Amino acid sequence: MATRDSVQQLMQQCEEVIEFANMQFKDGQMQEHYNDQDYAKALAHIEQAYNDLMTMSLSATDAQREELHRMRLQLQQLQNQMIITPH
């Protein structure tokens, strides 16, 4: 079973990934192709965080699973936005 601390730590990491990706997304919109490496790195961090959430949800309680699911949806939405929007 996932501990409350491990779930909270993962949620914090996901928030940091979202913050970094949002910065890269905004920069990418303003600078176009100037900073492709960091943009790609942000997408990779999103993918890794998504995979970590999936792994954690296997050992989570129902309430934790719901919280992880909501975070996973946020990551997916940002990832889709970054992929679809030309930068």
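Calculation notes
- Residue numbers run consecutively from 1 along every chain, following the written order of its sequence.
- Restriction of local features to residues with pLDDT of at least 70 applies here, the model being predicted, together with a cutoff of 80 or more for giving and counting side-chain atom pairs; totals for whole chains, interfaces and linings are based on all residues.
- To obtain the side-chain values, all non-hydrogen atoms of the structure were included, while hydrogens and water were left out.
- Only DSSP runs of H or I with at least four residues qualify as helices, and only runs of E with at least two residues qualify as strands; both kinds are numbered from the N terminus onward.
- Buried residues are those whose accessible area, probed at 1.4 Å on protein chains only, stays under 20% of the maximum for their type, while exposed residues exceed 50% and partly exposed ones sit between those limits.
- Contacts were defined at the residue level, with two residues in contact if any of their heavy atoms lie within 4.5 Å.
- Orientation is described by lines fitted to C-alpha atoms, with helices fitted over the stretch in contact, and by angles between N-to-C directions that extend from 0 to 180 degrees.
- Convention used here: angles under 35 degrees read as roughly parallel, angles over 145 as roughly antiparallel, angles from 65 to 115 as roughly perpendicular, and any remaining angle as oblique.
- Crossing handedness: left-handed means the near helix sits turned counterclockwise from the far one by under a right angle, and right-handed means the same turn made clockwise.
- Under the scheme applied, nonpolar residues are Ala, Val, Leu, Ile, Met, Phe, Trp, Tyr, Cys and Pro; charged residues are Asp, Glu, Lys and Arg; polar residues are all the others, including Gly.
- What we call a nonpolar core is a set of buried Ala, Val, Leu, Ile, Met, Phe, Trp, Tyr and Cys residues that are connected through their side-chain atoms within 4.5 Å.

Novice: For the environment of Ala49, give the residues involved together with the corresponding values.
Specialist: In this fold, Ala49 is placed in helix 2 (residues 36-57). Of the residues examined, Ala49 reaches a relative accessible area of 7% and is grouped as buried. Sequence-wise, Ala49 and Ala60 are eleven residues apart; in three dimensions their C-alpha atoms are separated by 16 Å. Not counting residues up to four positions away in its chain, the partners in contact with Ala49 are Cys14, Val17 and Leu75.

Novice: Tell me about the packing of helix 2 against helix 3 (residues 62-84), residues and numbers included.
Specialist: Two elements in contact, helix 2 and helix 3, have axes whose closest approach is 10 Å; the angle formed by their N-to-C orientations is 155°. The angle between helix 2 and helix 3 falls in the class roughly antiparallel. The crossing of helix 2 and helix 3 is left-handed. Counting all contacts with helix 2, which are made through Tyr39, Ala42, Leu43, Ile46, Glu47, Ala49, Tyr50, Leu53, Met54, Met56 and Ser57, the residues of helix 3 involved are Arg65, Leu68, Met71, Arg72, Leu75, Gln76, Leu78, Gln79, Met82 and Ile83. Class assignment of the residues belonging to the contact of helix 2 with helix 3 gives a composition of 15 nonpolar, three polar and three charged.

Novice: Tell me about the nonpolar core, and name the residues and values.
Specialist: One finds Cys14, Ile46, Leu53, Leu68, Met71, Leu75 and Met82 to be the most contacted residues of the largest nonpolar core, which totals 21 residues. Looking at this core, the elements with two or more residues in it are helix 1 (4-31), helix 2 and helix 3. Of the residues forming this core, the biggest block, eight residues, is contributed by helix 1. Aside from chain neighbours lying at most four places away, what touches Met82 is Ala21, Phe25, Tyr39, Ala42, Leu43 and Ile46.

Geometric values such as these leave the question of function open.
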